[in-house]
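In case you want the letters, here they are:
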Amino acid sequence: MPSGGSLSSAPASFRLRRASVSLRTTTDRGPDYDVAIIGAGDVGCAIAREFARFELRLVLIEAERDIGAGTSKANTAILHTGFDSKPGTLEARLVSRGHGLLLGYADQVGIALERSGGLLVAWDEAELERFPAIVENARRCGYDRMREVGREELRQREPHLGPDALGALEIPDEHIVCPFTPPLAFATQAVLAGAELRRSEQVVAIDRLEEGGWRVQTSHGRLGARWVINAAGLFSDQVHRMAGYDGITVKPRRGELIVFDKLSRPLVNHVLLPVPSATTKGVLIAPTVFGNVILGPTAVDVEHKDDTGSTAEGIAYLQRLGRRIMPALLEHEVTATYVGLRATVEHDDYQIVVDNRHGYACAAGIRSTGLTASMAIAEHVRDELTAAGLQLRERAAGLPDICMPNIGEAAPRPHAQPERIAQDPEYGRIVCFCERVTRGEIRDAAASPIPPVDLDGLRRRTRALMGRCQGFYCGAHLPAALAEYAGRGPAELRE
């Protein structure tokens, strides 16, 4: 790399490419921003929130129409303990730290979270024999609350498990969480603190400036920034190369899941985990905070970063495993299937690297633990950039307090609160009957600091369209209601 440069927390394969870096000279005023964050998923939004605590000019750039609209919206919504992480890795440390941070943050701002606990189930003698090694691995990762559960106790706690279940390890701190609200809460606090959010804006080029800093070319123009933080998820390798670096290649791994009807919810009391393999955490059965049960995910490497279609092979595979894990579950109706793409890289750890000479940071290879680790990743990036010379001075006012709508099934919903309806009848006017979403909630979403711009965004803020009819009834009414409150035409609110 160029003389005088240094890389903090960088693997050997992370290198600056001389030939591909354009040196430009700024002729106008200084950079528009101190920090430009590329990617508004769980990690990018958490980083934006963390840096919004300081007197910095921030911009958060997202190519999709909404935050959390990529990998972040399609995870398994598990708050991981990190018991199965690789000891000594950055991932192990940040997942452990992030678990506590997100647990406290959820209580603070109103994110739906249920303390379900988990059971890692063995289905043959070979898996039972792996229990001591799994417990030791967890201990080395800083988690020591696992205990063995015998077959009889397992039957009492999960009576609907398949007959082949031999025993389990209890993991009392594996919980279920809303996958949609955390990035929205992070970004909301950042925006209210003064950060600029740019949605539907794709980064197409990044040029390093001769006098320091970066020029970022987007589909809407260009901007200058002293620091660039790459949190682009599936596309973090492309952004990495735009900035002139090698060493990271993202290979998407497709995970298909089946969502079962709410009538199946009484079957499952815990997150039911498989004994993990070297490449995947495996197929699980878990309740959701929305009152459904999920089965999945698969783990298939694919070529294209938009390959999010369900497959007959994937669904058949899940059904076959599901019948072994919990036969009664397969008797229930399927509400939906969905697919998430995990951003796997060629390294077996998070790739959080900093070029302190040129003002660049990258958070790549975060995979399925990103939601849990997001706030700890943000802290880590903050510390790395501080060590690299970024001057941070805390805002006197700190971050603004927020209270997010809790869209979990265990929380009081507006339609079931007579006193709230008496004060505002819009909370009694249901539009989405499957999920009991009211016009008042749609109005509130449209008036929020980061309003939805389409029905997919409305779904993640209210649960509308997530029910068993999948929009068959409410699909005609929701665009009109959102358009009315947003002051836009229904035709603009495409999926």
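Criteria and thresholds
- Residues numbered from 1 in each chain as written.
- Predicted model: local features only at pLDDT ≥ 70, side-chain atom pairs only at ≥ 80, totals over all residues.
- Heavy atoms only, no water.
- Pairing = 2+ DSSP bridges.
- Helix = DSSP H or I, 4+ residues; strand = E, 2+ residues; numbered from the N terminus.
- Salt bridge = Lys/Arg side-chain N within 4 Å of Asp/Glu carboxyl O.
- Axes fitted to C-alpha atoms, helices over the stretch in contact; angles between N-to-C directions.
- Parallel < 35°, antiparallel > 145°, perpendicular 65-115°, else oblique.
- Left-handed = near helix turned anticlockwise from the far one by under 90°.
- Contact = heavy atoms within 4.5 Å.
- Nonpolar A, V, L, I, M, F, W, Y, C, P; charged D, E, K, R; others polar.
- Buried < 20%, exposed > 50% of the residue type's maximum accessible area, 1.4 Å probe, protein only.
- pLDDT = per-residue confidence, 0-100.
- Phe/Tyr/Trp six-rings, centres within 6.5 Å; stacked < 30°, edge-to-face > 60°.
- Lys NZ or Arg CZ within 6 Å of the ring centre and 35° of its normal.

## Structural notes on the sheet that holds strand β6 (residues 78-79)
As a general point, the strands of a sheet are linked pairwise by backbone hydrogen bonds and lie either parallel or antiparallel. Overall, antiparallel pairing links the three strands, which are arranged β6-β11-β7 in an open sheet. On the outer flanks of this sheet lie β6 and β7 (113-114), each paired with one strand and no other.

## Quick word on the pattern of salt bridges
Using the criterion set out here, one finds 43 salt bridges in the structure. A salt bridge links Arg-443 to Asp-444; the shortest N-O distance between them is 3.3 Å. One continuous salt-bridge network, built from bridges that share partners, spans Asp-66, Lys-73, Arg-199, Asp-456, Arg-459, Arg-460 and Arg-461.

## Observations regarding the packing of helix α11 (residues 439-446) against helix α12 (residues 455-462)
Where α11 contacts α12, the axes come no closer than 10 Å and their chain directions differ by 110°. As judged from the angle between their axes, α11 and α12 are roughly perpendicular. The way α11 lies across α12 gives a crossing that is right-handed. Here Glu-441, Ile-442 and Ala-445 of α11 come into contact with α12, specifically with Leu-458, Arg-461 and Thr-462. Across the contact of α11 with α12, the residue classes tally to three nonpolar, one polar and two charged.

## Structural notes on the environment of Ala-328
Note that Ala-328 resides in the loop between α8 (312-325) and β22 (334-344). Owing to a relative accessible area of 29%, Ala-328 belongs among the partly exposed residues under this scheme.

## Brief notes about the confidence of the model for the chain
Summing up the model confidence of the chain, the mean pLDDT is 92 and the portion of residues at 70 or higher is 92%. Across residues 1-27, where pLDDT falls below 50, the model places 71 contacts with residues more than four positions away in sequence or in other chains.

## Regarding the pairing of strand β19 (residues 284-287)
Alternating positions in β19 separate into two faces, Leu-284 and Ala-286 on one and Ile-285 and Pro-287 on the other, with burial throughout. Examined bridge by bridge, β19 and strand β20 (residues 293-296) share four bridges and lie antiparallel to one another. Looking at the pairing, Leu-284 lines up with Gly-296 of β20. Between β19 and β20, which follow one another and run antiparallel, lie five residues, and Gly-291 among them has a positive phi close to 95°.

## Some remarks on the packing of aromatic side chains
Two aromatic rings are characterised by how far apart their centres lie and by the angle between their planes. This model, assessed by the stated rule, comprises five aromatic pairs. Plain terms: the ring middles of Tyr-105 and Phe-186 are 5.3 Å apart, the flat faces sit at 35° to each other, and that makes the pair tilted. In this pair, Tyr-105 sits in helix α2 (residues 90-109) while Phe-186 sits in helix α6 (residues 181-192), placing the two residues 81 residues apart along the sequence. Each ring, one from Phe-180 and one from Phe-290, has its centre 5.7 Å from the other, and the planes form 15°; the classification is stacked. Here the residue Phe-180 occupies a position in the loop between β11 (175-177) and α6, and Phe-290 occupies one in the loop between β19 and β20, the gap between them amounting to 110 residues. With respect to burial, Phe-180 and Phe-290 carry one shared label: buried. Connected via pairs of aromatic rings, a cluster forms that spans Trp-214, Tyr-245 and Tyr-360. Over the aromatic face of Tyr-427 sits the side chain of Arg-420, whose NZ or CZ is 4.3 Å from the ring centroid.

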